[in-house]
Amino acid sequence: MTTETIISIFLGIGLSASVGFRVFVPLFALSLASYFNVWELNESWEWIGSLTAVITLGVATIVEIFAYYIPYVDNALDSIAIPLAAIAGTAVMVSTVADLSPVITWALAIIAGGGTAAAVAGSSGATRLASTTTTGGVANPVVSTIETGTSVFMSIVSVFIPVLAFILVILIFFVIFRVYKKIRPSQP
């Protein structure tokens with residue numbers, strides 16, 4: 001396995017985690033990175049770097065970000081976010097992985113990309129649900145701002161410093177695990 005392959009896997013995992021917070025932010029970041037020749041995508045995914053894709057994903061990103069600030073719409077979006085995140089995480093991973101056989105690429109994309117995105121989206125949705133039930137939704141805009149900021153930050157780091165993005169994903173999972181251990185009911 002070459003260094004380029006490992007870096008591409010780190011990029012895919014970082015962007016997949018970002019997808020868990022906002023579905024379109026990392027897709028837009030990847031589209032911009034490809035459009036400006038910062039990152040080269042697999043041949044079958046080069047369309048993501050087209051001007052049409054940049055504009056479409058940019059508009060979708062803006063709509064998604066603002067939709068999370070509308071009460072009740074944010075919770076409705078969370079109900080569809082996990083399957084969408086899994087699909088987008090898989091797509092991001094498969095589009096970035098370099099120099100692997102298609103079988104390994106797709107297995108890695110489904111497990112690491114889709115799994116990472118779904119896990120982050122699930123914890124993000126649980127956070128919003130907890131916010132809604134404990135504050136009546138008053139704190140949801142704060143949660144939305146943190147999620148959007150994290151998605152933007154992770155997308156930028158993933159594109160420019162994929163190794164750091166991978167380390168941050170490990171930290172995110174560690175935090176999710178610690179929070180889960182604290183809130184889960186203890187077994188008798």
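The structure under discussion appears in the preceding block.
To keep things clear, this report deals only with the structure shown in the data block. (Residues numbered from 1 in each chain as written. Predicted model: local features only at pLDDT ≥ 70, side-chain atom pairs only at ≥ 80, totals over all residues. Heavy atoms only, no water.)

## Here's the deal with the overall build of the protein
When you go through the protein residue by residue, the secondary structure sums to seven helices and zero strands. Taken from the N to the C terminus, the helices and strands of the protein come in the order α-α-α-α-α-α-α. Counting all 188 residues of the protein, 45% fall into the buried class. Considering the protein, the positive charge centre built from 6 side chains and the negative charge centre built from 9 side chains are found 26 Å apart. (Helix = DSSP H or I, 4+ residues; strand = E, 2+ residues; numbered from the N terminus. Buried < 20%, exposed > 50% of the residue type's maximum accessible area, 1.4 Å probe, protein only. Lys, Arg positive; Asp, Glu negative; His and termini not counted. Charge placed at Lys NZ, Arg CZ, Asp CG, Glu CD.)

## Section: the nonpolar core
Ranked by size, the top nonpolar core spans 34 residues in total, and within it Ile13, Val19, Leu27, Leu41, Met93 and Met154 carry the most contacts. With seven residues, the single largest contributor to this core is helix α1 (residues 3–21). In this view, Leu27 contacts Ile48, Leu57, Ala88 and Val92; residues no more than four positions away in its chain are not counted. (Core = buried A, V, L, I, M, F, W, Y, C linked by side-chain atoms within 4.5 Å. Contact = heavy atoms within 4.5 Å.)

## Some details on a positive patch on the surface
A cluster of like positive charges, contributed by Arg178, Lys181, Lys182 and Arg184, occupies part of the molecular surface. Residue position: Arg184 is located in the segment after α7 (162–183). (Patch = residues over 30% accessible without salt bridge, like charges linked within 9 Å, V, L, I, M, F, W, Y side chains within 5 Å. Areas by Shrake-Rupley, 256 points an atom, 1.4 Å probe, with all protein chains shown as cover. Salt bridge = Lys/Arg side-chain N within 4 Å of Asp/Glu carboxyl O.)

## Remarks on a negative patch on the surface
Taken together, Glu4, Glu40, Glu43, Glu46 and Asp99 make up a surface patch of like negative charges. Structurally, Glu43 can be placed in the loop between α2 (24–35) and α3 (51–67).

## A word on the packing of α1 against helix α4 (residues 73–96)
Between two packed helices, the angle of one axis relative to the other and the distance separating the axes together describe the packing. It is at 8 Å that the axes of α1 and α4 come closest, and there the two elements cross at 160°. What the angle tells us is that α1 and α4 run roughly antiparallel. Note on packing geometry: the crossing formed by α1 with α4 is right-handed. Mapping the contact onto sequence places Ser8, Ile9, Leu11, Gly12, Ile13, Leu15, Ser16, Val19 and Gly20 in α1 and Ala85, Ala88, Gly89, Val92, Met93 and Thr96 in α4. Grouping the amino acids of the contact of α1 with α4 by side-chain chemistry returns nine nonpolar, six polar and no charged. (Axes fitted to C-alpha atoms, helices over the stretch in contact; angles between N-to-C directions. Parallel < 35°, antiparallel > 145°, perpendicular 65-115°, else oblique. Left-handed = near helix turned anticlockwise from the far one by under 90°. Nonpolar A, V, L, I, M, F, W, Y, C, P; charged D, E, K, R; others polar.)

Distances and angles like these do not, on their own, reveal function.
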